[in-house]
Amino acid sequence: MDAGEIRKLSDGANQSGVRAHNERLILSVIQRHGEMPGSDIAKLTGLSAQTVSNILRKLEAEQFVLRRAPKRGRVGKPSVPMTLNPDGALSFGLKIGRRSADLVVMNLAGEVLGASQTTFRYPMPGEVFGYLADGMADLARDLDPGQRDRLCGIGIAAPSEIWAWTEVLGAPEDFTVWREIDVAQEVARISPLPLFTENDATAACRAEHVFGRGREYVDYAYFFIGSFIGGGVVLNSSVVVGGKKNAGAFGSLRVCQPGGEVPLLDAASLYLLESALTGTGRDTTALWQMPQVWHGFEPELSGWIATTGRALANATRSIGSVMDFEAILIDGAFPADVRHRLVDATRAELSRLDTRGLLPPRPEAAQVGGNARALGAACAPIWAQYFFQ
């Protein structure tokens, strides 16, 4: 953009654009609130009863919603609840992590119909895309023909610079081949389905926003702790992606540590716990496997929770100085009991910090858990095409 050039506002909506907007709105309301009659949808959306009725008929004919049995007992005509048709759309979601990959197939109602996982010392492209091709074929075999016909896309959630920090991962120099990989081209060789890509932490944030505690808040920040910590931002009940698709890159946030300032990812990431366990000769395979059982990781786990809680408290204070968030939701690729211990540690550390002039957001436990990135990846095709973000 030239200096001084004035950016234009968003485009207006013509009649077809308004219709598509209202269809998304109605589907989003049903997804968020559950089955309901058209009269309730009209109240929640501000649309006229006739407009809602017309759109519901269209969505029913296109098999995106289903008509439930009428509910009687009130004066007048019985109300007819409408609900999402789970088979109205399906998608694949792949999470590419630095230690594992997860693949799911999900329906319009957010139900996971099949899932698989693979682990590795570090992810090389041939292994990852081979896993995607074989995994989608395996999961598709368990779908009926009607479900396969409604597959609408593939979502991939991966770190923005998966090739970075190779020395921490112990990856070989040729791991940087990821710099040259065209993901869209690789996936096109596997499947004709449209591809939707997203930063892995943003994808996890989307899963929490759709399926977890994100529905309780209008504005919040989100931490997801994997091999490296990442984050997400929600404003006005929408996940913020950012102009460069890197909103909520909290891993680069500087935090105070006993030795001085460091990036948050060097103070609150699972690679630090892995390193501590490896240093004692412990097998760390269970860190990256599902279901997660971490009972054998003490006392290193308690030490990691304490140091990570201090780092997250410092980060929370900094984030609270930028935006008046209602909460900070904390999640990660760890068991639920670890999540709650970490939230308690973060709250305790935050209470000790100087927060004069601030109303820091309260750290809260997220809900979705370790598969949030894969679920968020599967959300991407469906939400991009049928719901509001």
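Everything here concerns the structure above.
Just so it is clear, the model here is predicted, and its values are computed rather than measured.

A. Here's a closer look at the sheet that holds strand S5 (residues 100–107). Strand order in the open sheet made by the five strands is S6-S5-S4-S7-S8, with mixed pairing throughout. In the strand order of this sheet, the two ends are held by strand S6 (112–119) and strand S8 (195–199), each with one partner. Between one strand and the next, the sheet's axes are offset by a mean angle of 15 degrees, whatever the strand orientation. When strand S4 (residues 90–96) meets strand S7 (residues 151–158), the two strands line up parallel, connected through five bridges. Its bridge partner being in S7, Leu 94 is matched across the sheet by Ile 156.

B. Focus on the environment of Ala 311. The residue Ala 311 is located in helix H10 (residues 300–320) in this model. If sequence neighbours within four positions are ignored, Ala 311 has contacts with Val 255, Gln 257, Leu 264, Ala 267 and Ala 268.

C. Representation of the packing of aromatic side chains within the structure. Applying the stated criterion across every chain yields a total of ten aromatic pairs. Measuring from ring centre to ring centre gives 5.9 Å for Phe 129 and Trp 178, while their planes differ by 50 degrees; the resulting arrangement is tilted. Of this pair, Phe 129 sits in helix H4 (residues 125–141) while Trp 178 sits in the loop between helix H6 (166–169) and helix H7 (183–190), and the two are 49 residues apart along the sequence. Taking 4.5 Å as the distance between ring centres and 55 degrees as the angle between the ring planes, the aromatic pair formed by Trp 383 and Phe 387 counts as tilted. Summarising the burial analysis for this pair, Trp 383 and Phe 387 share the class buried. What links up through ring pairs into an aromatic cluster is the set Trp 294, Phe 297, Trp 304 and Phe 334. When the ring centre of Phe 64 is taken as reference, the NZ or CZ atom of Arg 150 above it lies at 5.1 Å.

D. Up close: the nonpolar core. In terms of nonpolar packing, the biggest core is built from 83 residues, with Phe 223, Leu 264 and Trp 304 touching the most fellow members. Residue contributions to this core peak at eight residues, all from helix H12 (residues 372–386). When sequence neighbours within four positions are dropped, the list of residues in contact with Leu 264 reads Phe 223, Ile 229, Phe 250, Gly 251, Leu 253, Val 255, Ala 311, Leu 312 and Ala 315. Ranked by size, the runner-up nonpolar core spans 27 residues in total, among them Phe 92, Val 128, Met 136 and Trp 163.

E. Region of the structure containing helix H2 (residues 38–45). Looking at H2, one finds that the buried residues are Ile 41, Ala 42 and Thr 45. The arc that holds every buried residue of H2, seen down its axis, measures 100 degrees, which confines them to one face.

F. View of the pairing of strand S15 (residues 362–365). Pairing between strand S14 (residues 327–332) and S15: four bridges, direction parallel. Bridge assignment links Leu 329 to a residue of S15, and that residue is Glu 364. The parallel pair S14 and S15 is bridged by helix H11 (residues 336–352), and the resulting crossover is right-handed.

G. Region of interest: the packing of helix H9 (residues 270–279) against H10. Relative to each other, H9 and H10 sit at 150 degrees, their axes nearing to 10 Å. Judged by the angle between their axes, H9 and H10 are roughly antiparallel. For H9 against H10, the interelement crossing comes out right-handed. Of the residues in H10, those touching H9 at Leu 270, Leu 272, Leu 273, Ala 276 and Leu 277 are Glu 300, Leu 301 and Trp 304. Here the residues of the contact of H9 with H10 sort into seven nonpolar, no polar and one charged.

H. Spatial organisation of the pattern of salt bridges. In total, this model carries 19 salt bridges according to the counting rule given. Among the ionic pairs, Glu 274 bridges to Arg 99, the shortest N-O distance being 3.2 Å. Of this pair, Glu 274 sits in helix H9 while Arg 99 sits in the loop between S4 and S5, placing them 175 residues apart in sequence. Between Glu 364 and Arg 347 there is a salt bridge, and its shortest N-O distance comes to 2.9 Å. Of this pair, Glu 364 sits in strand S15 while Arg 347 sits in helix H11; the two residues are 17 residues apart in sequence, bridging distant segments of the chain.

I. A look at a negative patch on the surface. Judged by side-chain charge, Asp 87, Glu 111, Asp 144 and Asp 149 come together as a negatively charged surface patch. Summarising the element assignment, Asp 144 is placed in the loop between H4 and helix H5 (145–149). Owing to a relative accessible area of 37%, Asp 144 belongs among the partly exposed residues under this scheme.

J. The arrangement of the environment of Arg 148 in detail. Inspection of the secondary structure puts Arg 148 in helix H5. Measuring from C-alpha to C-alpha, the distance between Arg 148 and Ser 91 comes to 9.5 Å, with 57 residues separating the pair along the chain.

K. Structural context of the packing of H2 against helix H3 (residues 49–61). Packing of H2 against H3 brings their axes to within 9 Å, and their N-to-C directions diverge by 120 degrees. Crossing hand, H2 versus H3: right-handed. Of the residues in H3, those touching H2 at Gly 38, Ile 41, Ala 42 and Thr 45 are Ala 49, Val 52 and Leu 56.

L. Representation of the side chain of Thr 45 within the structure. Within the secondary structure layout, Thr 45 lies in helix H2. Under the relative-accessibility criterion, Thr 45 is labelled buried at 16%. Reaching out from Thr 45, the side chain makes a polar contact with the backbone oxygen of Ile 41 at a distance of 2.8 Å. Within polar-contact distance, the side chain of Thr 45 engages the backbone nitrogen of Leu 47 at 3.2 Å. Not counting residues within four places of it along the chain, the set of residues in contact with Thr 45 comprises Leu 25, Val 29 and Val 52.

M. Broad picture of helix H8 (residues 200–211). The end-to-end C-alpha distance of H8 is 16 Å, a good match for the 16 Å that twelve residues give at a rise of 1.5 Å each. Most of H8 is tucked away, with twelve of its twelve residues classed as buried. For H8, the N-terminal capping position is held by Asn 199, with its side-chain oxygen 2.9 Å away from the main-chain nitrogen of Ala 201.

Scoring rules and cut-offs
Residues numbered from 1 in each chain as written. Predicted model: local features only at pLDDT ≥ 70, side-chain atom pairs only at ≥ 80, totals over all residues. Heavy atoms only, no water. Pairing = 2+ DSSP bridges. Helix = DSSP H or I, 4+ residues; strand = E, 2+ residues; numbered from the N terminus. Axes fitted to C-alpha atoms, helices over the stretch in contact; angles between N-to-C directions. Contact = heavy atoms within 4.5 Å. Phe/Tyr/Trp six-rings, centres within 6.5 Å; stacked < 30°, edge-to-face > 60°. Buried < 20%, exposed > 50% of the residue type's maximum accessible area, 1.4 Å probe, protein only. Lys NZ or Arg CZ within 6 Å of the ring centre and 35° of its normal. Core = buried A, V, L, I, M, F, W, Y, C linked by side-chain atoms within 4.5 Å. Arc of directions from axis to C-beta. Right-handed = clockwise from strand over helix to strand, strands pointing away. Parallel < 35°, antiparallel > 145°, perpendicular 65-115°, else oblique. Left-handed = near helix turned anticlockwise from the far one by under 90°. Nonpolar A, V, L, I, M, F, W, Y, C, P; charged D, E, K, R; others polar. Salt bridge = Lys/Arg side-chain N within 4 Å of Asp/Glu carboxyl O. Patch = residues over 30% accessible without salt bridge, like charges linked within 9 Å, V, L, I, M, F, W, Y side chains within 5 Å. Areas by Shrake-Rupley, 256 points an atom, 1.4 Å probe, with all protein chains shown as cover. Lys, Arg positive; Asp, Glu negative; His and termini not counted. Charge placed at Lys NZ, Arg CZ, Asp CG, Glu CD. Polar contact = N/O pair within 3.5 Å; in protein donor to acceptor, adjacent residues only side chain to side chain. Expected span 1.5 Å × (residues − 1).

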